[in-house]
Amino acid sequence: SRDCYSDILSEASSMAWKKNYQEALVLLDANISPTDSTTLYANATLLKSCILRLSDDPKRGLELAEQVVYVANLNDLPSLLAKAQLYRALCLCDLGLYADAVRCYVRAASIRWYAKHVADMMAAAEKERDALPSGSRGKYLSLDFQEIPRSTSAKGFGSSPVQNSD
């Protein structure tokens, strides 16, 4: 039921805040699958993206965020697409790809309830980008950057282990 899924997402989020990253990923994997509703699966995948960022694996977090960007675009879900672009931007910033992140923040700015925060995050990314020396990685858009990925590099919903922080 919807309440059950909401409880699972809340519990996984709580585990992540307590730095029980692996347990949170396992809980999501065990209870939410691609056969569930697109929106539920996508939100669980974005939560996993966030957990991976918190556990110092923004590259895998980016793969999952891009999976949701792809699926949300394919299914014409504009609010989910904007949310996924926000998560994507956060991962890109973690990776030092500030120019790419700024483009994603622009796409995420349509999230009405979060627009002010998105603008602040975009300004911070622009500041980081501007501080980079000319020719630095992250100063300009990556050659392979796509507003909407044409495919996804994420290999489904399964997780490999992450380290819990002490």
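Cut-offs and rules
- Residues numbered from 1 in each chain as written.
- Predicted model: local features only at pLDDT ≥ 70, side-chain atom pairs only at ≥ 80, totals over all residues.
- Heavy atoms only, no water.
- Helix = DSSP H or I, 4+ residues; strand = E, 2+ residues; numbered from the N terminus.
- Buried < 20%, exposed > 50% of the residue type's maximum accessible area, 1.4 Å probe, protein only.
- Polar contact = N/O pair within 3.5 Å; in protein donor to acceptor, adjacent residues only side chain to side chain.
- Contact = heavy atoms within 4.5 Å.
- Core = buried A, V, L, I, M, F, W, Y, C linked by side-chain atoms within 4.5 Å.
- Axes fitted to C-alpha atoms, helices over the stretch in contact; angles between N-to-C directions.
- Parallel < 35°, antiparallel > 145°, perpendicular 65-115°, else oblique.
- Left-handed = near helix turned anticlockwise from the far one by under 90°.
- Salt bridge = Lys/Arg side-chain N within 4 Å of Asp/Glu carboxyl O.

Visitor: Is there a simple way to think about the side chain of Arg88 in this case?
Guide: Looking at where Arg88 falls in the secondary structure, it is placed in helix H5 (residues 78–94). The exposure class assigned to Arg88 is buried, which follows from its relative accessible area of 2%. Within the structure, the side chain of Arg88 is placed 3.1 Å from the side chain of Glu66, a separation counted as a polar contact. Polar contacts involving the side chain of Arg88 include one to the main-chain carbonyl oxygen of Gln146, which spans 2.6 Å. In this structure, Arg88 is in contact with Leu62, Ala65, Glu66, Val69, Cys104, Phe145, Gln146, Glu147 and Pro149, ignoring residues within four places of it in sequence.

Visitor: For this particular structure, what's the right way to read the nonpolar core?
Guide: The nonpolar side chains of a soluble globular protein tend to be buried, and buried together. The biggest cluster of nonpolar side chains holds 20 residues, and the ones touching the most others in it are Leu86, Leu92 and Tyr105. A per-element tally of this core places H5 first, with seven residues. Discounting chain neighbours no more than four positions away, the residues touching Leu92 are Leu62, Leu97, Asp100, Ala101, Cys104 and Phe145. Membership of the second largest hydrophobic core comes to 16 residues, among which are Tyr21, Leu27, Leu28 and Leu52.

Visitor: Explanation requested: the packing of helix H6 (residues 98–108) against helix H7 (residues 115–131) in the structure shown.
Guide: Axes are the key here: two packed helices are described by the angle between their axes and the distance separating the axes. Between H6 and H7, whose axes approach to 9 Å, the crossing angle comes to 160 degrees. In terms of their interaxial angle, H6 and H7 are classed as roughly antiparallel. Where H6 crosses over H7, the handedness of that crossing is left-handed. In contact with Tyr98, Ala99, Val102, Tyr105, Val106 and Ala108 of H6, H7 contributes Val118, Met121, Met122, Ala125, Glu126, Glu128 and Arg129.

Visitor: Looking at this model, I keep getting lost on the pattern of salt bridges. Mind explaining?
Guide: Side chains carrying opposite charge are able to pair once their charged atoms draw close together. Counted according to the given criterion, the structure contains seven salt bridges. The shortest N-O distance in the salt bridge between Lys48 and Asp29 comes to 2.7 Å. You can see Lys48 sitting in helix H3 (residues 38–54) and its partner Asp29 sitting in helix H2 (residues 21–31), a full 19 residues away along the chain. Looking at Asp29, the relative accessible area reads 28%, which means it is partly exposed.

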